[in-house]
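For reference, the chains in residue letters:
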Amino acid sequence: MKKSMVLLLLFLTTMLLSACDLFVIYEPPPPTYNHDDVTRRVTSRIPIDVNWPRFPTETPFLMDRDALVSEPLYHSVDILMPLSESAFIDVRYFGRDHLVTSNRRDFVDIFHAYYHDQDQPIEVFVSAQYGDYHTTLVIALEYAEFIGQLPVGLRSYLNQVYVSQKRDHPAVMSNYGLYLPLHQPMASSFRHNMLLDTILKGVYFHLDQESIDRWHSAMISDRVVITEASMRSSLNDFQESVKLFLALENSKYDFSDDEKIQVNLALHHRFLLLNDMGIKAVEPSIIPIDELRAALPIDVPLYNATNSGLLQVFSMDDPTSFVRLVREPNAVRLVYDRRVGWVEQRSFVFVAYFNDIEPIEMIVNLEFDNWGLAYNIAADYASLFGRLPTGLKTGVETFWIHQGMGQFGGYHRTLLIHIEYADRFINPRGNLIDVIAHETAHAVLDWTYDGKIDKDAWLEAAEKDGTYISQYAKSYPEREDIAETIVAYMLVRFYPERTEPAVISSFERLLKHRFALLDTLELEPYQHKSE
């Protein structure tokens with residue numbers, strides 16, 4: 001009897017496990033590179049190579065202290081940022097996808113970083129664990145700009161950067177050059193110095209044996225080490241030498257003329273070798289950055305998103321039509337909060353008056369503790385909103401204002417604000433009013449919310465233009481193209497003096513038909529007048 005029960009349990013267990021297999025979600029195998037074409041730069045959407053090798057283990061090249069002509073020159077070489085002017089132009093967004101390494105799979109947002117002194121972009125992958133697209137964009141911009149401060153001779157080794165919250169991703173060498181996993185939660189100065197050291201480590205191990213032998217010979221010929229650390233191995237010496245070489249060429253570091261001469265004489269052979277490798281300080285571009293951006297291929301959007309801070313239209317110095325704010329009794333309102341969804345809750349209620357449009361109800365979450373604080377926040381956003389063109393903001397009826405990290409939103413004649421998100425991601429870029437303009441376009445122009453623009457007319461104009469202002473608009477043409485385009489439109493029509501002429505001409509050329517459609521809506525700018 002016991003034997004029968006055991007057999008029955010085994011049978012049921014087997015059947016249960018088989019049934020579970022039926023519910024396993026199938027994931028197609030990830031794409032792979034063509035490893036036969038080792039000279040091809042990385043241009044695919046996602047880099048996959050589950051067998052990326054680790055950095056090799058180096059046999060230390062120990063300097064004999066008796067062979068030195070002096071004690072180490074410095075205790076340490078600390079290179080703080082920025083190294084120099086950045087060659088960075090812009091980043092473009094290429095969607096979210098899997099990244100597979102030798103020890104994990106991760107969802108990442110994919111960006112391409114463009115630089116004025118190299119033809120191919122560098123791929124920057126930011127782990128989706130950080131949050132939404134806007135969060136990963138800020139991180140990608142930070143690293144892309146820093147990488148642009150590096151000499152192109154170093155940057156040429158750097159094809160891919162992976163920014164992750166995990167600390168178990170080793171730096172590796174792929175067939176396409178140096179691949180760098182980085183870790184964001186660090187102080188900026190330490191993170192950047194770690195990045196520089198890791199890049200130099202990758203470059204060193206990317207050298208062929210002849211170049212490494214030449215470095216050893218240069219060390220012996222100079223008979224000087226920079227720091228105690230550089231005595232431990234030729235890798236350490238290479239890292240320290242490059243950092244000092246870059247610092248000497250950077251006016252930020254206050255070396256006297258005599259000290260520059262002494263260091264160059266002491267490290268003469270190594271500095272000659274670095275010069276031959278093209279590791280020199282970045283020369284700033286003599287072409288305005290906006291002209292460089294405008295010269296990018298027409299089929300590539302000019303911006304990754306118009307609210308990224310790279311394009312700024314409105315100013316805090318612009319006049320506002322906001323006049324006063326009147327407190328109403330607290331009342332129950334149906335609002336949308338990205339943290340919880342739709343919710344009916346008691347709120348602070350104010351009415352904002354303007355001298356060019358009808359009054360707007362400002363609904364502020366009770367989590368702001370007291371009506372005085374809520375009043376100030378509502379008044380601040382009403383004042384910002386009042387700077388928008390009269391024709392754009394006409395039709396907005398309501399503001400929802402909450403704490404929290406939710407993104408802004410624009411709905412049926414309503415704007416959604418989460419102030420912590422603004423403080424962390426928008427205010428530092430200085431384009432809060434531009435973002436409000438983007439959301440206002442959703443609220444009053446977007447056909448999805450019964451707005452002023454006809455869907456068929458807009459899509460026809462977009463097809464005639466054949467391109468998009470941003471990757472965000474290109475990825476979501478029926479949802480984001482109007483809101484993305486309106487920012488560029490207002491810059492061209494109302495404030496052309498606030499950017500380079502090359503940018504204005506590019507917008508007029510690339511968005512000609514959509515601009516003509518927007519002209520029919522009479523979105524005139526606000527004209528200041530007394531109440």
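Predicted model only: the values in this text are computed from it and were never measured.

### Some points on the packing of aromatic side chains
For any pair of aromatic rings, the description consists of the separation of the ring centres together with the inter-plane angle of the planes.
Point 1. Applying the stated rule across the entire model yields 20 aromatic pairs.
Point 2. When the ring of W371 is compared with that of Y375, the centres are 6.2 Å apart and the planes differ by 90 degrees; the resulting orientation is edge-to-face. Of this pair, W371 and Y375 are both found in helix α10 (residues 371-385), four residues apart, which corresponds to roughly one turn of the helix.
Point 3. Residue class for W371 comes out partly exposed when judged on its relative accessible area of 41%.
Point 4. The class of Y375 is partly exposed, set by a relative accessible area of 27%.
Point 5. Considering the side-chain rings of F494 and Y495, the 6.4 Å spacing of their centres and the 85 degrees angle between planes classify their relative orientation as edge-to-face. For the residue pair F494 and Y495, the accessibility class agrees, reading buried in each case.
Point 6. Members of the aromatic cluster, connected to one another through ring pairs, are F314, Y489, F494, Y495 and F515.
Point 7. Between R324 and the ring centre of Y353, over which it is positioned, the NZ or CZ distance is 4.6 Å.
Point 8. Geometry around Y468 places R514 over its ring, the cationic atom sitting 5.2 Å from the centre.

### Focus: helix α18 (residues 512-519)
Point 1. The complete set of buried residues in α18 reads R514, F515, L517 and L518. Mapping the buried residues of α18 onto a view down its axis gives an arc of 160 degrees, with all of them on the same face.

### Quick look at the pairing of strand β12 (residues 414-418)
Point 1. Taking burial as the measure, the five residues of β12 include five buried ones, the bulk of the element.
Point 2. The two faces of β12 match: T414, L416 and H418 on one face and L415 and I417 on the other face are all buried.
Point 3. Where strand β10 (residues 398-402) and β12 come together, five bridges link them in parallel fashion. Each bridged residue has a counterpart across the sheet, and for F399 the counterpart in β12 is L415.
Point 4. Relative to β12, strand β11 (residues 409-411) runs antiparallel, the two sharing three bridges. Within β12, the residue paired with G410 across the bridge is L415.
Point 5. Counted along the chain from β11 to the antiparallel partner β12, the turn is two residues long, and its residue R413 has a positive phi close to 55 degrees.

### Focus: the packing of helix α5 (residues 209-222) against helix α8 (residues 268-276)
Point 1. Between α5 and α8, whose axes approach to 7 Å, the crossing angle comes to 150 degrees. As the angle between them shows, α5 and α8 are arranged roughly antiparallel. Residues R214, W215, A218, M219, S221 and D222 of α5 form the contact with α8, whose own contacting residues are H268, H269, R270, L273, L274 and D276.

### Points about the confidence of the model for the protein chain
Point 1. For the protein chain, the average pLDDT comes to 75, and 69% of its residues sit at 70 or higher.
Point 2. Contacts of residues 17-57 to residues separated by more than four positions or lying in other chains number 81 contacts, the stretch itself having pLDDT below 50.
Point 3. The low-confidence segment residues 283-287, where pLDDT is below 50, has six contacts with residues more than four positions distant or belonging to other chains.

### Quick notes on the packing of helix α13 (residues 432-444) against helix α16 (residues 477-494)
Helix-helix packing is described using two parameters, namely the angle between the two axes and the distance between the axes.
Point 1. Viewed as axis vectors pointing N to C, α13 and α16 meet at an angle of 130 degrees, and their least axial separation amounts to 8 Å. With respect to their mutual orientation, α13 and α16 come out oblique. Considering only the axes of α13 and α16, their crossing is right-handed. Residues D434, A437, H438, A441 and H442 of α13 touch α16, and the partners they reach there are R479, E480, I482, A483, E484, I486, V487 and M490.

### Observations concerning the nonpolar core
A general trend in soluble globular proteins is that nonpolar side chains are found buried together.
Point 1. Residues M362 and Y381 are the most contacted members of the largest nonpolar core, which totals 70 residues.
Point 2. With 10 residues, the single largest contributor to this core is α16.
Point 3. Excluding residues within four positions of it along the chain, M362 makes contact with L325, F348, V349, F350, A352, A378, Y381, A382, F399 and I401.
Point 4. Residues F111, L154, Y204 and L274 belong to the second largest nonpolar core, which totals 55 residues.

### Regarding the pattern of salt bridges
Pairing is possible between side chains that carry opposite charge, provided their charged atoms lie close to one another.
Point 1. Enumeration over the complete set of coordinates arrives at 17 salt bridges.
Point 2. Between D237 and R270 there is a salt bridge, with its nearest N and O atoms 2.7 Å apart. Here D237, found in helix α6 (residues 234-248), pairs with R270, found in helix α8; they are 33 residues apart in sequence, far enough to count as distant. In this pair, the class of D237 matches that of R270, namely buried.
Point 3. For the salt bridge of K455 with E478, the shortest nitrogen-to-oxygen distance reads 3.3 Å. In this pair, K455 sits in helix α14 (residues 455-465) while E478 sits in helix α16, placing the two residues 23 residues apart along the sequence.
Point 4. Relative accessible area serves as the criterion here: at 32%, K455 is assigned to the partly exposed category.
Point 5. Here E478 falls in the partly exposed class, since its relative accessible area comes to 40%.
Point 6. Salt bridges sharing partners connect three or more residues here, namely D318, E497 and R498.

So, how was this worked out
- Residues numbered from 1 in each chain as written.
- Predicted model: local features only at pLDDT ≥ 70, side-chain atom pairs only at ≥ 80, totals over all residues.
- Heavy atoms only, no water.
- Phe/Tyr/Trp six-rings, centres within 6.5 Å; stacked < 30°, edge-to-face > 60°.
- Helix = DSSP H or I, 4+ residues; strand = E, 2+ residues; numbered from the N terminus.
- Buried < 20%, exposed > 50% of the residue type's maximum accessible area, 1.4 Å probe, protein only.
- Lys NZ or Arg CZ within 6 Å of the ring centre and 35° of its normal.
- Arc of directions from axis to C-beta.
- Pairing = 2+ DSSP bridges.
- Axes fitted to C-alpha atoms, helices over the stretch in contact; angles between N-to-C directions.
- Parallel < 35°, antiparallel > 145°, perpendicular 65-115°, else oblique.
- Contact = heavy atoms within 4.5 Å.
- pLDDT = per-residue confidence, 0-100.
- Left-handed = near helix turned anticlockwise from the far one by under 90°.
- Core = buried A, V, L, I, M, F, W, Y, C linked by side-chain atoms within 4.5 Å.
- Salt bridge = Lys/Arg side-chain N within 4 Å of Asp/Glu carboxyl O.

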